[in-house]
Amino acid sequence: MAASPHTLSSRLLTGWVGGCVWYLERRAMQESPHKFMHLFRNINKQWITFQHFNFLKRMYVTQLNRSLNQQVKPKPEPVTSPFLEKISSGQAKAEVHELRPISPPSLPLSRKANEKELIELESASVIEASIDVGNATKEEKQWKEMKLHVDDLPGILARLSKIKLTALVVSTTSAGFALAPGPFDWPCFLLTLLGTGLASCAANSINQFFEVPFDSNMNRTKNRPLVRGQISPLLAVSFATCCALPGVALLTWGVNPLTGALGVFNIFLYTCCYTPLKRISIANTWVGAVVGAIPPVMGWTAATGCLDAGAFLLGGILYSWQFPHFNALSWGLREDYSRGGYCMMSVTHPALCRRVALRHCLALIGLSTAAPILDVTTWTFPVISLPINLYISYLGFRFYRDADRKSSRKLFFCSLWHLPLFLLLMLTCKQPPGGGSDKGEPQS
């Protein structure tokens, strides 16, 4: 019969010491099952798991193979701003190479030690180079005043005066002069174009001067000369003054006082009414349409010296054409106008924007029919202009119905070729001199 543990301990040790040993052995036998269950339940928290063994394995492999250590990755060179002075890439690379120390030619070390030393030296040089490049770019990001070169001044002034818009104004003025009855006077024609162009440059420059803080918030206008600081506001105002004074003088004394008064009124209407109204009410679109309708009227008055039905007809044609043109353009720029804080129909009244565009597309058909009635053109003009008027009206209806960027873009690009073709057809169908007043009289 096997002896129990306490009897075995009592044989080995007697007395007080034997009693203590017997008590400890009995306590261990009673608590061992509970300790085993506790360790089994918490094995994922307290005991070494598979992840620990895997980590130890990687540490061991890394210690054996030094090339597996993590290397310092150089930071990419930051993109410099286009407003700052540029540094050539060759100079930057030369500076980085100069910062890298050259390793000694002979080192009394083994091949593995040399490789380790090279890796450490290269990583240290890359870190120093990246720190120096970061300090250099930090200095470059500081504000620097842009320098104005004389060679860049003509291009800057052309963008300040919105040369494309000025060319459109001059072309409509020449169409009004050519459509007017009477003999064609070349000196008066050239003075009219020059004075109208100078007045348009002045009005556009003053417009940009007032809208600098708002143009900076729009992607379409953030690269304008005054926004970028390419020229000073004083230079812009001086340029506008130098254009306005001779332009009005040419129109007043070189052509006639009526044309000069219309030029002064148009500058005032564009700079003092249309420009501030863009941030107040959607009525700015109608005021801007009046501004665009005055140049052909100026061409008519320059040739005839008076305001008659033909002048108002040309003004009405340009007035109606601008609504499908501008409303389609502003539809794709709604986000920009919202950031700039402008009150445009496309932003605040989108349904009205589409209705007005369609309404004035149809109005072009009626104005074409009124041209022969007012003895401006022959009756051939309403017939040959009907296809292009129907096409722009169809695109206006598509824009009204779909109200998306695709339809607005098609309407806008159609308006770009519709106006010059429309005016060209008017010139080809111009009423011959005396053709409207001598209908009932036999020709001698």
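No experiment lies behind these values; they were computed from the predicted model shown. (Residues numbered from 1 in each chain as written. Predicted model: local features only at pLDDT ≥ 70, side-chain atom pairs only at ≥ 80, totals over all residues. Heavy atoms only, no water.)

1. Some remarks on the side chain of Ser407
Then comes step 1: Within the fold, Ser407 resides in helix 21 (residues 405–428).
Then comes step 2: By relative accessible area, Ser407 is classed as buried at 7%.
Then comes step 3: There is a polar contact of 2.5 Å between the side chain of Ser407 and the side chain of Asp404.
Then comes step 4: Ser407 has contacts with Arg398, Phe399 and Asp402, leaving out every residue within four places of it along the chain. (Helix = DSSP H or I, 4+ residues; strand = E, 2+ residues; numbered from the N terminus. Buried < 20%, exposed > 50% of the residue type's maximum accessible area, 1.4 Å probe, protein only. Polar contact = N/O pair within 3.5 Å; in protein donor to acceptor, adjacent residues only side chain to side chain. Contact = heavy atoms within 4.5 Å.)

2. A closer look at a nonpolar patch on the surface
Then comes step 1: Taken together, the side chains of Tyr391, Tyr394, Trp417, Leu421, Leu424 and Leu427 make up a nonpolar region of the molecular surface, amounting to roughly 550 Å² of accessible area.
Then comes step 2: Put simply, the parts of the chain that give the nonpolar patch at least two residues each are helix 20 (386–402) and helix 21.
Then comes step 3: Ranked by residues supplied to the nonpolar patch, first place goes to helix 21 with 4 residues.
Then comes step 4: Mapped onto the secondary structure, Tyr394 falls in helix 20.
Then comes step 5: We classify Tyr394 as partly exposed; its relative accessible area is 43%. (Patch = residues over 30% accessible without salt bridge, like charges linked within 9 Å, V, L, I, M, F, W, Y side chains within 5 Å. Areas by Shrake-Rupley, 256 points an atom, 1.4 Å probe, with all protein chains shown as cover. Salt bridge = Lys/Arg side-chain N within 4 Å of Asp/Glu carboxyl O.)

3. Concerning the environment of Pro233
Then comes step 1: Within the secondary structure layout, Pro233 lies in helix 12 (residues 233–255).
Then comes step 2: For Pro233, a relative accessible area of 45% corresponds to the partly exposed category.
Then comes step 3: When the C-alpha positions of Pro233 and Phe210 are compared, they lie 9.7 Å apart, and in sequence the two are 23 residues distant.

4. A word on the nonpolar core
Then comes step 1: Counting 60 residues, the largest nonpolar core has Trp300, Ile317, Phe381, Leu411 and Met426 as its most contacted members.
Then comes step 2: Ranked by the residues each element gives to this core, the list is headed by helix 15 (residues 309–331), at 9 residues.
Then comes step 3: If near-sequence neighbours (up to four positions away) are discounted, Trp300 is found in contact with Gly176, Phe177, Leu179, Ala180, Pro181, Gly305, Cys306, Asp308, Gly310, Ala311, Leu314 and Val376.
Then comes step 4: Formed by 11 residues, the second largest nonpolar core is a distinct cluster that contains Leu160, Leu226, Phe239 and Ala244. (Core = buried A, V, L, I, M, F, W, Y, C linked by side-chain atoms within 4.5 Å.)

5. Section: helix 15
Then comes step 1: Over its 23 residues, helix 15 extends 34 Å from the first C-alpha to the last, a length consistent with the 33 Å expected when each residue adds 1.5 Å.
Then comes step 2: The buried fraction of helix 15 is high, at 19 of 23 residues. (Expected span 1.5 Å × (residues − 1).)

6. A short note on empty space enclosed by the protein
To locate leftover empty space, one rolls a probe as large as a water molecule over the atoms.
Then comes step 1: Throughout the structure, instances matching the rule amount to 1 cavity of 30 Å³ or more.
Then comes step 2: Size it by volume and the largest cavity reaches roughly 30 Å³.
Then comes step 3: Around the largest cavity sit Phe177, Ala178, Ala180, Pro181, Gly182, Pro183, Phe184, Ala303 and Lys430, which together line it. (1 Å grid on protein atoms, 1.4 Å probe; cavity = no way out; pocket = protein on both sides within 12 Å on 5 of 7 lines; lining within 4 Å. Points joined across faces, edges and corners; volume = space filled by probe spheres on them.)

So yeah, pure geometry; function would need other evidence.
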